[in-house]
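# Close look at the chain arrangement
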Amino acid sequence: MLGTAVVVWVADFLSKEWVIAEMAEGERRAVLGELLQWHFVRNPGAAFSLAAGSTWIFTILAGVVVVFIATQLRRIRSPLWAAAFGGLLGGTVGNLTDRLTREPGFFVGHVIDFIQVWGFPAIFNIADIFIVSSMIGVVLLVLANIGLDGVRRTDEPKADAREDDPDATQPLDPDDR
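The sections below set out a description of the structure shown in this document. Not measured: the values here are computed from a predicted model.

## With respect to helix α4 (residues 126-143)
Helix length check: α4 (18 residues) gives 26 Å between terminal C-alpha atoms against 26 Å at 1.5 Å per residue, within 8%. Regarding α4, the residues found buried are A127, D128, S134, V138 and L141. With its buried residues spanning 155° around the axis, α4 presents them on a single face. The exposed residues of α4 that point more than 90 degrees off its buried face are L140 and L143. In this fold, the buried residues of α4 make contact with α1 (2-22), α3 (79-101), β3 (111-117) and β4 (123-124).

Laid out in structure tokens, this is it:
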């Protein structure tokens, strides 16, 4: 998980540094014609530049996500959960790095965005790609009832539960509820 997070963070950081060094703010460069362009913007808000005046809230939320993932680190035994949390951690730390180190200042820095896809209403960055992809992965893992340990849970009792514990398939006594 930490390896994935580091790779994502480094890719995000280096791509943003490249954009800052090679492009003027507001500049557009065609990569695949109109389909894919680099378009350098500084985003003070969340996705779609929403809540631009509340940058500090996104900094706090990113910090909470990082702390939550760090508290789950020892529990993760599933490669799928490790990949999802690694991508989420790397992307979150990537944008958090911008919020803490970029202009206009500490805690309220603007995120560097530069990827523009035809027909999509937002400009984004590598961190954003991993945050969204990882959250989709988390939702799919939860819907599939796959725990952090990689074991798929069902609501049905195990076939051999009666052998291990004869009371396992019996309803609870009202006094035990």
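## A look at the side chain of R102
By the secondary structure assignment, R102 is in the loop between α3 and β3. A residue is classified by how much of its surface remains accessible, and R102, at 12% relative accessible area, is buried. A polar contact is formed between the side chain of R102 and the side chain of D98, at a distance of 2.9 Å. When neighbours within four sequence positions are excluded, R102 is seen to be in contact with F13, K16, E17, I20, T97, G109, H110 and I112.

## Some thoughts on the side chain of S134
Secondary-structure assignment places S134 in helix α4. S134 gets classed as buried once you look at its relative accessible area, which sits at 5%. At 3.1 Å, the side chain of S134 and the backbone nitrogen of L88 are in polar contact. Those residues in contact with S134, other than ones at most four positions away along the chain, are A83, A84, G87 and L88.

## Description of the sheet that holds strand β2 (residues 36-43)
Here four strands make up an open sheet; going across it, the order is β1-β2-β3-β4 and the pairing antiparallel. Two strands lie at the open edges of the sheet, namely β1 (28-32) and β4, each paired on one side alone. Two elements, β2 and β3, share six bridges in a ladder whose sense is antiparallel. Of the residues in β3, the one forming a bridge with R42 is I112.

Thresholds applied
- Residues numbered from 1 in each chain as written.
- Predicted model: local features only at pLDDT ≥ 70, side-chain atom pairs only at ≥ 80, totals over all residues.
- Heavy atoms only, no water.
- Helix = DSSP H or I, 4+ residues; strand = E, 2+ residues; numbered from the N terminus.
- Expected span 1.5 Å × (residues − 1).
- Buried < 20%, exposed > 50% of the residue type's maximum accessible area, 1.4 Å probe, protein only.
- Arc of directions from axis to C-beta.
- Contact = heavy atoms within 4.5 Å.
- Polar contact = N/O pair within 3.5 Å; in protein donor to acceptor, adjacent residues only side chain to side chain.
- Pairing = 2+ DSSP bridges.

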